[in-house]
Amino acid sequence: MYVGHFAAGLLIIAKAPTVKPLPILMGVGLLDIVNGLAVMTGIDHVTPNLASGPYLYFDLTFIDWDHSLLMAILLSVFWGALFFRDARLALLAGVASFSHFLLDLPLHNSDLALYPHAERHLGGGLWASLGIGAWLLEGAFSALLVAGAWRLAARRRVSLAWPAAFLAVLFIQLSPWLSPTKFIASLPEPYTHLLLGLVITLGFIAPGVILTILVANAERRGRQSIAEHGIATLAESKQSVQ
Ligand SMILES: [Zn+2]
């Protein structure tokens, strides 16, 4: 899953708008940020396979040090612990990080081990079985989460139009036709795994930062709007969204 992770982050922020957005929006991608680094350094193994799914074009042959159940738990606890000064932020950052594993579960093609080097692997395999349908399903699922976040934010006069538009761009960009990983899968080694790892890591860090800026701007405009129009209009808008 790709855009769905960011959509989950938006929903968490909309439910807890007073927490800092960056630890949440980086948290939802943490497992893949680590995955990209592990692919580049050869800790993880990926194999080009054009039939693997709608937009990845790689089999995730060995990704146990970031995408096993045990490592997802440990990395999420570690990520949350970084923000120990703010207990609520620490908890939500950990939840955001672990949500990555839960959302990957139905899509991945049985490549999610229980623990590093475990025999037992998890993953519903929708990528391989549904193909383009899995990409569409991810889009519909993400739209639902964004709609939920949008509704919650609108109650505080915060418009998530720009964050939502940005997620739509991410969704189209990692489509079966525009995905950069199709080209990367055709390269010779070592460029294949080096470039794929780089694209995965940057593909979560850069959008995480951009989305954080867009959310912060939306919050600022919301506060301005309340300051200008007063509490009465806020009460009206609350009624209108209910
Ligand atoms: Zn992942």
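Let us look at the structure shown here. Not measured: the values here are computed from a predicted model.

## Observations concerning the environment of E219
Within the secondary structure, E219 is located in helix 11 (residues 191-241). The class of E219 is buried, set by a relative accessible area of 14%. A polar side-chain atom of E219 sits 2.8 Å from a polar atom in the side chain of R156.

## Let's talk about the side chain of S52
Along the chain, S52 turns up in the loop between strand 1 (45-48) and strand 2 (58-62). At a separation of 3.3 Å, a polar atom in the side chain of S52 contacts the main-chain amide nitrogen of Y57. Among the polar contacts listed, one links the side chain of S52 to the backbone nitrogen of F58, at a separation of 3.1 Å. Setting aside anything within four residues of it in sequence, one finds S52 in contact with Y57, F58, D59, N109, W127 and A128.

## Topic: the packing of aromatic side chains
According to the stated counting rule, one finds 8 aromatic pairs in the structure shown. An angle of 90 degrees between the planes, with centres 5.1 Å apart, marks the rings of Y2 and F204 as edge-to-face. With a gap of 202 residues between them, Y2 in the segment before helix 1 (3-15) and F204 in helix 11 connect regions that are remote in the sequence. For Y2, a relative accessible area of 8% corresponds to the buried category. With 5.2 Å between their ring centres and 75 degrees between their planes, W79 and F83 make a pair best called edge-to-face. Among the aromatic residues, those joined into a cluster by ring pairs are Y2, F6 and F204.

## Things to note about the side chain of E138
By the element assignment, E138 lies in helix 8 (residues 132-154). Residues in contact with E138, not counting those within four places in the same chain, are M1, Y2, V3, G4, Y55 and L107.

## Section: unusual backbone geometry
Each neighbour pair has its own omega, and for E189 with P190 the value is 10 degrees, a cis peptide bond. Structurally, P190 can be placed in the loop between helix 10 (180-185) and helix 11. Even without being glycine, Y57 reaches a positive phi, approximately 60 degrees. Structurally, Y57 can be placed in the loop between strand 1 and strand 2. The exposure class assigned to Y57 is buried, which follows from its relative accessible area of 7%. With a phi angle near 60 degrees, R157 is a residue other than glycine that sits in the positive phi range. Within the fold, R157 resides in the loop between helix 8 and helix 9 (161-173).

## A short note on the pattern of salt bridges
For side chains bearing opposite charge, pairing can occur when the charged atoms are close. Applying the stated criterion across every chain yields a total of 1 salt bridge. E219 is the salt-bridge partner of R156, the closest N and O atoms lying 2.8 Å from each other. Taken together, the positions of R156 in the loop between helix 8 and helix 9 and E219 in helix 11 put the pair 63 residues apart, joining distant regions of the chain. Of the residues examined, R156 reaches a relative accessible area of 25% and is grouped as partly exposed.

Cut-offs applied
- Residues numbered from 1 in each chain as written.
- Predicted model: local features only at pLDDT ≥ 70, side-chain atom pairs only at ≥ 80, totals over all residues.
- Heavy atoms only, no water.
- Helix = DSSP H or I, 4+ residues; strand = E, 2+ residues; numbered from the N terminus.
- Buried < 20%, exposed > 50% of the residue type's maximum accessible area, 1.4 Å probe, protein only.
- Polar contact = N/O pair within 3.5 Å; in protein donor to acceptor, adjacent residues only side chain to side chain.
- Contact = heavy atoms within 4.5 Å.
- Phe/Tyr/Trp six-rings, centres within 6.5 Å; stacked < 30°, edge-to-face > 60°.
- Salt bridge = Lys/Arg side-chain N within 4 Å of Asp/Glu carboxyl O.

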